[in-house]
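Here are the chains, one letter per residue:
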Amino acid sequence: MAFRQKGSPYWYVSITLPTGQTLNKSTKTANKREAEALEAKWRAELYQQRFWNAPNPLLLTQCLKQYLDATTAKRSHRADQFRAVTLLQHLGEVSVYALDSAALQGYVQARRLKVKPTTVNRELALLSVALNHARPLGYTAVPNATRGLKLREPETRLRWLTEAEATRLLDAARTSKAHYLADWLRVALDTGMRAGELCSLRWGDVLADRLTVQAANSKSGRSRTLPLTPAAQGALRRQPKRSVWVFTQPDGSPLKDLRTALRNACNRAGLDPITPHVLRHTCASWLVQRGVDLYLVKAMLGHSTITVTQRYAHLAPEHLQACVQALSLNSA
């Protein structure tokens, strides 16, 4: 029987899934008769699934929409929406039960002629999580044929600044019209924070010798506390306290985009333009070159897995030399 939940204009129904789990599901309608009709339809589909082994019908459009509706707070939600459109344009309004290996291999072959392997892999990743997301919602027989289709991505060159280049950039930034730029660069280089984490930094997260990256601002969804170098401490102290934000526009609003100011500073320093993320790569590269353990680098940068941090391992060749020396002792 349809019922209302407090604060919602829509009717809900309570349905027992084949797994025995009870699901309270919104009908997305404020009309009680429409809600009861949907309830009858869903119960009939579940009956067929339970006693006739008929799969619960689910179109690709529905599958993607269910996942996107449930992940609106995800940082890549906007990008996922575009990827969903691409998937629907190429695969069509098809049942998810028709998405077998042959169908998806055809998709991959067609897409790789137009876009980079990285793009194809991101689209397949979205399809995979959307298919998996449908199972707890009662679509227990949803197949997932995306496994094994991931394309090999070419290794990209890791851009980072030498200490001499960083010094030139900082000197150029001090003459920038953007009053905050030099200090912002100093803190970014000394902490490895993401641009979004640094732009959203609040005074309440800053102490004399350390700062905290709040979970809400972290890509990994986990908070972390970072020690501050004396140079970074001085950079933070020089910021005017116009609002709760540390780095602000003259009106006290948080910084949004530093790309133009950073590009202009690079030009004055005689450097090829860089993005703010290069500063994060630079911090990690300097740490590894100075012998800091990769797991400590992972903790400082807030990487989700050690695999991400291992991109910087080649910058410490002396570690490999130590391995050769150890093997030489055994073979002596």
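Here we summarise the structure given alongside this text.

Conventions we followed
- Residues numbered from 1 in each chain as written.
- Predicted model: local features only at pLDDT ≥ 70, side-chain atom pairs only at ≥ 80, totals over all residues.
- Heavy atoms only, no water.
- Helix = DSSP H or I, 4+ residues; strand = E, 2+ residues; numbered from the N terminus.
- Buried < 20%, exposed > 50% of the residue type's maximum accessible area, 1.4 Å probe, protein only.
- Areas by Shrake-Rupley, 256 points an atom, 1.4 Å probe, with all protein chains shown as cover.
- Axes fitted to C-alpha atoms, helices over the stretch in contact; angles between N-to-C directions.
- Parallel < 35°, antiparallel > 145°, perpendicular 65-115°, else oblique.
- Contact = heavy atoms within 4.5 Å.
- Nonpolar A, V, L, I, M, F, W, Y, C, P; charged D, E, K, R; others polar.
- Pairing = 2+ DSSP bridges.
- Polar contact = N/O pair within 3.5 Å; in protein donor to acceptor, adjacent residues only side chain to side chain.

In terms of regular secondary structure, the chain is built from 14 helices and five strands. Out of the 332 residues belonging to the chain, those deemed buried represent 40%. Surface accessibility of the chain: about 19,000 Å² in total, with carbon and sulfur atoms responsible for 54%.

Turning our attention to the packing of helix H2 (residues 60-70) against helix H5 (residues 117-134). Viewed as axis vectors pointing N to C, H2 and H5 meet at an angle of 90°, and their least axial separation amounts to 9 Å. Here H5 runs roughly perpendicular to H2, going by the angle between their axes. Mapping the contact onto sequence places Leu60, Cys63, Leu64, Gln66, Tyr67 and Ala70 in H2 and Leu126, Leu127, Val129, Ala130, Leu131, His133 and Ala134 in H5. Among the residues making up the contact of H2 with H5, the classes are represented as 11 nonpolar, two polar and no charged.

This paragraph deals with the pairing of strand S2 (residues 11-16). Both strand S1 (residues 3-4) and S2 contribute to a ladder of two bridges, which runs antiparallel. Note on S2: the bridge partner recorded for Arg4 is Trp11. Hairpin connection between S1 and S2: a loop of six residues separates the two successive antiparallel strands, and Gly7 in this loop has a positive phi of roughly 85°.

The next thing to look at is the side chain of Gln239. Take Gln239: it is sitting in the loop between helix H9 (230-237) and helix H10 (259-269). Classification of Gln239 as buried rests on a relative accessible area of 6%. At a separation of 2.8 Å, a polar atom in the side chain of Gln239 contacts the main-chain carbonyl oxygen of Ala235. Apart from the residues lying within four places of it in its own chain, the contact partners of Gln239 are Tyr180, Asp183, Trp203, Val246 and Phe247.

So, to be careful, I would describe these as geometric facts and stop short of saying anything about function.
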